[in-house]
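Coordinate inspection notes
For reference, the chains in residue letters:
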Amino acid sequence: MGPDRALQYLEDLQTAQPALATRINEFADLYQRKLWHQLTVSIEESLNVPEFRNPDVLIHFYSEFIAVFAHKLNPLRLAHIAVTVAEQHKNPQDAVTFLNGVITDLIEAKHARPEQPLLFLRMHVAQFQLAIGQLKECKEAVEEGKQTLDSLNDVDPSVSAIVHYVRSLWYKHQKDFAEFYKSSLLYLAFISSDSLPTDQKLSLAVDISLAALLGDNVYNFGELLLHPIMKALSGSPYEWLRSMLEAFNHGDLHAYDALCSKHASALNAQPALVAHERKLREKITILCLMELIFNLPAEQRQIPLSTIAERTKLTVDGVEFLLMKTLSLHLIEGVIDQVDANVQVSWVQPRVLTLEQAAGMKARLDDWIAKVSTTSMILQEDQIAAIA
């Protein structure tokens, strides 16, 4: 297709879509003057216009106009435009076919650094493949995408975001709660959650909260509780989830039991929570132990098993099993003394502190500084007395 056909297409489009006449005239002018950057910007701005962002318009606009000069455009910006076009296809398989065609064209264009736009497009292909049940292809793309991302430098945030987002979708499909949790947090690190639609924001907040509760080896909730995405739960039917996360973060068994009673119907509406009720109890009991240890001064971490039993609502035998489990997960380090019925803890896993916990840490530091100051004054007085 030659340039004359591209211009003819714009004339036909202007006739069919008179409301877009001004924009179409701008496209034609920039195209004829070969101002590719300005034309890219104009097209990107037009994607937000409802009359333009229309399947009947946009799909043909790409194939009849953009495809003519696609090799002249910034490849990553072209990839972004192509994904928007792909989303207009009603059939996901058609979207896959379209994006694979764009990938082929991009490879043939032989750009100097095509890795990032190709990765961006391939991850969107994987997203569509997951939607239509092409699981093998999706899994391969997810694995290859992460390897490619790790090999790149100076990666555009949009590329990093889509890799982690599609990985989160894959792990959600696989019901791998821990990996979904990690991938979702990484995704949120590269986007502003405020830019997400309200319903998507709430859905993600619910999913990531459930994954935090259910994920193996997820014992730190501070980072999630501090994230802006959690604001989406406020005032929603899922507000109880935030309260549940706070109970886990504080290792508060009493609060957990109260929440389970108060929100029984909401909890029972979540099959994953019902199926893993025992696992949840074990996790919050471990967190109760960690919170107990964390709040003790380093020099006072020789703890009677009876003290732990009282806090965790376990028997002494149950405490020993709890300690062995926590040690095996490398959440704490220490030695159990069964003769004297205590445990000497030398290390507890670091954690991201909420503002409330940070305030508590500050108070402990202030107490420690006061003790050091008092000790220093006593030593100085003793030294002066000795000299006298």
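Thresholds applied
Residues numbered from 1 in each chain as written. Predicted model: local features only at pLDDT ≥ 70, side-chain atom pairs only at ≥ 80, totals over all residues. Heavy atoms only, no water. Disulfide = S-S within 2.5 Å. Axes fitted to C-alpha atoms, helices over the stretch in contact; angles between N-to-C directions. Helix = DSSP H or I, 4+ residues; strand = E, 2+ residues; numbered from the N terminus. Parallel < 35°, antiparallel > 145°, perpendicular 65-115°, else oblique. Left-handed = near helix turned anticlockwise from the far one by under 90°. Contact = heavy atoms within 4.5 Å. Pairing = 2+ DSSP bridges.

An unreviewed UniProt entry annotates the protein as PCI domain-containing protein of Coccomyxa subellipsoidea.

In this section: the state of the cysteines. Note on terminology: disulfide describes a covalent bond linking the sulfur atoms of two cysteines. Under the defined criterion, the tally for this structure stands at 0 disulfides. As a non-bridged cysteine, Cys288 has Cys260 as the owner of its nearest cysteine sulfur, 14 Å distant.

To continue, consider the packing of helix α2 (residues 21–32) against helix α3 (residues 36–46). Helix packing for two helices is described by the angle between their axes and how far apart those axes are. Running from N to C, α2 and α3 cross one another at 160°; their axes reach a closest spacing of 9 Å. Between α2 and α3, the angle is such that the two are roughly antiparallel. Crossing hand, α2 versus α3: left-handed. For the pair α2 and α3, contact is made by Arg23, Glu26, Phe27, Leu30 and Tyr31 and by Trp36, Gln38, Leu39, Ser42, Ile43, Glu45 and Ser46, respectively.

The subject of this paragraph is the sheet that holds strand β3 (residues 342–348). Taken in spatial order, the 3 strands of this open sheet run β1-β3-β2, and their pairing is antiparallel. Two strands in the sheet have a free side with no partner beyond their single neighbour: β1 (302–304) and β2 (332–337). Going across the sheet, the axis of each strand differs from the next one's by a mean of 25°, ignoring polarity. The pairing of β1 with β3 spans 3 bridges and is antiparallel. Of the residues in β3, the one forming a bridge with Gln302 is Gln344. Its contacts with the sheet put helix α18 (residues 305–312) on β1 and β3, and the angle it makes with β1 is roughly 65°.

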